[in-house]
Amino acid sequence: MAQYIEDVHDVARLIPPGRVTNYGAIADFLTLGSARMAGWAMNKAHGDETIPAHRVVNRKGELSGRNHFATPTLMQERLEAEGVEVVDNKIVNFDELFWSPTELLK
DNA sequence: ACCGTGACGTGTC
DNA sequence: TGACACGCCACGG
């Protein structure tokens, strides 16, 4: 497995429960050069239950990866189980719930 | 080696 | 605001 994919997965595991981040923030933190790399790496996490992939969304707070879960509703269910409100596949108060991996450096 | 594709993001109109 | 084009880069056919 490519190293950068493991790095993306590790960052995903560091996201605090009830908080969310986006692909661009992870890509920037790991200097992947493109947010698509973060998305591609998360695609590789499909089936790995140790990775909280539901806490990673796109920059608008939309659940763009929900179709890659076991069921299209699983991502929303996981978020709601952590107290994150989701309406029409979008996270409510995304700006306040947003978390960046750069927070780790503080 | 070329081309289309994608869990993305930014700039323009 | 919202739709659209384009840049981005690894991967599979």
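On a predicted model such as this, the values are computed, not experimentally measured, just so you know.

Undergrad: For this particular structure, what's the right way to read the protein's contact with DNA strand B?
TA: Not every one of the 15 residues close to DNA strand B is listed here, only the nearest: Arg-36, Met-42, Asn-43, Arg-59 and His-68. Backbone atoms, meaning sugar and phosphate, form 46% of the atoms of DNA strand B found within 4 Å of the protein. In this structure, Gly-24 approaches DNA strand B through a main-chain N or O atom, which is 3.0 Å from a phosphate oxygen. One of the backbone N or O atoms of Asn-43 is found 2.8 Å from a base nitrogen in DNA strand B. Elements represented by at least two residues in the surface near DNA strand B include exactly helix 2 (23-29) and helix 3 (35-43). A per-element tally of the surface near DNA strand B places helix 3 first, with 5 residues.

Criteria and thresholds
- Residues numbered from 1 in each chain as written.
- Chains lettered and ligands numbered in written order.
- Predicted model: local features only at pLDDT ≥ 70, side-chain atom pairs only at ≥ 80, totals over all residues.
- Heavy atoms only, no water.
- Near = heavy atom within 4 Å.
- Polar contact = N/O pair within 3.5 Å; in protein donor to acceptor, adjacent residues only side chain to side chain.
- Helix = DSSP H or I, 4+ residues; strand = E, 2+ residues; numbered from the N terminus.

It is worth stressing that arrangement in space is one thing and function is another; only the former is reported here.
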